[in-house]
Amino acid sequence: MLGAIALAMAAPALAQTRPGKPANAAQEAREKERQTNVPQQTEKQFPVGTTWVAVSLNDKPYTGDRPGFSLDSQYRARGFGMCNTYSATAYPLRDQGFAVGPLAMTKKDCGKQVMAAERAFLIALRTARKWDLVNGQLILTGGSGTLRFERVL
């Protein structure tokens, strides 16, 4: 009998010390409410199979022949750099990470100004580390700046 009384007296204390278990109904209700109010985040999916044309590099708009980019289901990026065409392996990663491998490209010469703009674009593409979709635009960011693209229909 004494053992049953001791156990009954100790039960509330044991309930409070059990990890992960609320000690009473009010705490249990608060825990349940907290769990249901947590928004579920879904990871964005990279738009594979879509063609994009560059709008700007570091907020400086492109004019004339604009560079482009597409990524197929085999993770092969292809595009036009303003003078030359290029291809590379590119991977959308977790947490909207992005990695672009070495570029293979044609070797046309299109004049100093165009070649400098193409080089800046390709460096920004090659060093891109993050991607996002914002208001219908694809945004690639990395150590060499931010590229903004609009979808080609």
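Before reading on, note that the structure itself is shown above.
Residues numbered from 1 in each chain as written. Predicted model: local features only at pLDDT ≥ 70, side-chain atom pairs only at ≥ 80, totals over all residues. Heavy atoms only, no water.

A. Local environment of the nonpolar core. In terms of nonpolar packing, the biggest core is built from 24 residues, with F69, F98, F121, L138, L140, L147 and F149 touching the most fellow members. By residue number, the principal contributor to this core is helix α3 (residues 112–126), which donates four residues. Once residues within four sequence positions are removed from consideration, L140 is found in contact with F98, L125, A128, K130, W131, G145, T146, L147 and F149. (Core = buried A, V, L, I, M, F, W, Y, C linked by side-chain atoms within 4.5 Å. Buried < 20%, exposed > 50% of the residue type's maximum accessible area, 1.4 Å probe, protein only. Helix = DSSP H or I, 4+ residues; strand = E, 2+ residues; numbered from the N terminus. Contact = heavy atoms within 4.5 Å.)

B. How the structure looks around the state of the cysteines. Within the structure shown, the criterion is met by one disulfide. A sulfur-sulfur distance of 1.7 Å marks the disulfide that ties C83 to C110. Residues C83 and C110 are joined through a disulfide that is right-handed, its torsion about the S-S bond being 70°. Taken as a pair, C83 in the loop between β4 (76–80) and β5 (85–93) and C110 in the loop between β7 (104–105) and α3 lie far apart in primary sequence, 27 residues in all. (Disulfide = S-S within 2.5 Å.)

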